[in-house]
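Structural overview
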Amino acid sequence: MSRSTPWTISFAMRPGLRPLLFGETAMQRLSALADVHSEVIDDLGSPAARELLHATDVLITGWGCPLITPGKSTTGRLQAVVHAAGTVKNHLSDAVWTSGIAVSSAADANATPVAEYTVAQILLANKRMDEMRAAYRAERAGADWTERFPGIGNYRRTVGIVGASRIGRRVLNHLAAFDLDLLLHDPYVDDAGAQELGARRVDLDEIFRASDVVTLHAPDLPETRHLADARRIALMRPGSVLVNTARGRLVDTDALTEAVVSGRVRAVLDVTEPEVLPAGSPLYDHPGVVLTPHVAGSIGGELRRLGDAAVDEVESWLRTGRFRTPVRPETLAITA
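First, a word on what this report is: a plain description of the structure on this page. (Residues numbered from 1 in each chain as written. Predicted model: local features only at pLDDT ≥ 70, side-chain atom pairs only at ≥ 80, totals over all residues. Heavy atoms only, no water.)

Remarks on the sheet that holds strand 10 (residues 241-244)
Spatially, 8-7-6-9-10-11-12 is the arrangement adopted by the 7 strands of the open sheet, whose pairing is parallel. Each having just a single partner strand, strand 8 (200-201) and strand 12 (289-291) make up the two edges of the open sheet. Two elements, strand 6 (residues 157-162) and strand 9 (residues 213-216), share 4 bridges in a ladder whose sense is parallel. Pairing of Gly 160 across the sheet is with Val 214, part of strand 9. (Pairing = 2+ DSSP bridges. Helix = DSSP H or I, 4+ residues; strand = E, 2+ residues; numbered from the N terminus.)

Side note on the sheet that holds strand 3 (residues 58-61)
The strand order across the open sheet formed by 5 strands is 2-1-3-4-5, and the pairing between neighbours is parallel. With one partner strand each, in any of the chains shown, strand 2 (35-41) and strand 5 (102-105) form the two edges of the open sheet. Each strand axis lies, on average, 20° off the axis of its neighbour in the sheet, ignoring direction. With 4 bridges joining them, strand 4 (residues 80-83) and strand 5 adopt parallel strand pairing. Paired with His 83 across the strands is Ser 105, a residue of strand 5. Where helix 3 (residues 47-54) meets the sheet, its contacts fall on strand 1 (8-12), strand 2 and strand 3, and the angle it forms with strand 2 comes to roughly 150°. (Axes fitted to C-alpha atoms, helices over the stretch in contact; angles between N-to-C directions. Contact = heavy atoms within 4.5 Å.)

Some words on the packing of aromatic side chains
For the coordinates displayed, the defined rule picks out 5 aromatic pairs. Following the ring pairs from residue to residue traces out a cluster consisting of Trp 7, Trp 317 and Phe 323. Lying over the aromatic face of Phe 11, Arg 18 brings its terminal NZ or CZ to 4.7 Å of the ring centre. Sitting over the face of the ring of Tyr 155, Arg 156 holds its NZ or CZ atom 5.6 Å from the ring centroid. (Phe/Tyr/Trp six-rings, centres within 6.5 Å; stacked < 30°, edge-to-face > 60°. Lys NZ or Arg CZ within 6 Å of the ring centre and 35° of its normal.)

Side note on the pattern of salt bridges
Scanning all chains against the criterion turns up 20 salt bridges. The partner of Arg 29 in a salt bridge is Glu 315, with the nearest N and O atoms 3.1 Å apart. Highlighted residues: Arg 29 in helix 2 (residues 24-33) and Glu 315 in helix 13 (residues 303-320), separated in sequence by 286 residues. Between Glu 313 and Arg 324 there is a salt bridge, with the nearest N and O atoms lying 3.4 Å from each other. In this pair, Glu 313 sits in helix 13 while Arg 324 sits in the segment after helix 13, placing the two residues 11 residues apart along the sequence. Glu 313 gets classed as buried once you look at its relative accessible area, which sits at 2%. A relative accessible area of 55% means that Arg 324 is categorised as exposed. (Salt bridge = Lys/Arg side-chain N within 4 Å of Asp/Glu carboxyl O. Buried < 20%, exposed > 50% of the residue type's maximum accessible area, 1.4 Å probe, protein only.)

Quick word on the environment of Thr 253
Examined against the element boundaries, Thr 253 turns out to sit in helix 12 (residues 253-261). What makes Thr 253 buried here is its relative accessible area of 14%. Spatially, the C-alpha atom of Thr 253 lies 44 Å from that of Ala 48, the residues being 205 residues apart in sequence. Look past the residues within four positions of Thr 253 in its chain and what remains in contact with it is Glu 273, Leu 277 and Leu 283.

Topic: the environment of Arg 209
Summarising the element assignment, Arg 209 is placed in helix 10 (residues 204-210). Under the relative-accessibility criterion, Arg 209 is labelled partly exposed at 40%. For the pair Arg 209 and Ala 111, spaced 98 residues apart in sequence, the C-alpha separation works out to 27 Å. Setting aside anything within four residues of it in sequence, one finds Arg 209 in contact with Leu 235 and Arg 237. Among the polar contacts listed, one links the side chain of Arg 209 to the side chain of Glu 206, at a separation of 3.0 Å. (Polar contact = N/O pair within 3.5 Å; in protein donor to acceptor, adjacent residues only side chain to side chain.)

Notes on the pairing of strand 1
The buried count for strand 1 comes to 5 of 5 residues, which makes it a mostly enclosed element. Residues Thr 8, Ser 10 and Ala 12 point to one face of strand 1 and Ile 9 and Phe 11 to the other, with burial holding for every one of them. Bridging between strand 1 and strand 2 involves 4 bridges; their strand directions are parallel. For Thr 8, the partnering residue across the bridge sits in strand 2 and is Asp 35.

What to know about the side chain of Gln 121
Here Gln 121 lies in helix 5 (residues 107-126). For Gln 121, the contacting residues outside a window of four places in its chain are Val 268 and Val 290.

Notes on the environment of Arg 232
Along the chain, Arg 232 falls in helix 11 (residues 230-235). Using a relative accessible area of 17% as the deciding quantity, one classes Arg 232 as buried. Linking Arg 232 and Ala 255, residues 23 residues apart in sequence, is a C-alpha distance of 9.7 Å. In this structure, Arg 232 is in contact with Leu 204, Asp 205, Phe 208 and Leu 227, ignoring residues within four places of it in sequence. There is a polar contact of 2.9 Å between the side chain of Arg 232 and the backbone oxygen of Leu 227.

As far as function goes, none of this settles anything; it's purely spatial.
Printed below as a string of structure tokens:
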């Protein structure tokens, strides 16, 4: 889009995050598009921060961004918000959607490492690598591992995917390269749609009943809370695995803990409820659990992917008036 005066870009996120997201090349790209404010907004309580936001056309946000509320936040001439992360629900008020401000997110970019992590854990879980490694480390001797772990491996194992989300679809795409049987449950995908994704559509109970691995990729909504509850966890095959890289609230932690401690099921958990688990939780040390601290998403050098995606979106919007990956208000109720 053309205009007589330069566009202005500002950042709103937690202190220290911007240089992790945006390298020198990314900042140069932004500077070639608009006037870039050097200050980073992390709190709208000061007059200086409100004045900066008031003078901003495009706001690039990240984790730790304060709540943006047109009117209350003195958003002035703000026309677009580009979020260099996933969900925008935590920092954009409802008023943003009625104000005409365009919104984009790097959720697609952040889906990539989550899907990679998930697929790696599924393949390793079917090989029972953590348990085998622990036994080998403790015994320091050879063994008949097939006899000890009958049925291990990925050939013709059944993986059930709950949710054809951005991440769920990537997981399905990656898993298509292996000799696996894929099941899918998503209320917004029909039989033909599931087939196009390389899976067979089944109901949610069947996912838990028939799968060697169940992996969750549904959004955190009131209706998905404890989607994996005691009843569904009880449907799981002995020795099967529940993978959660979505949100902790999808799983009844008490029910899962009981099933894991009994030795009936295993788990791969990158998110939990609560997050962090109490220090006394048996999930920390149980040999049937892989527990990681919400690191499946972009971390370390992967943050630059989010920054680059955000720059691409700013460039698209300033040049064409359109985003490549817009966030649409009508989809907020069914997405993360």
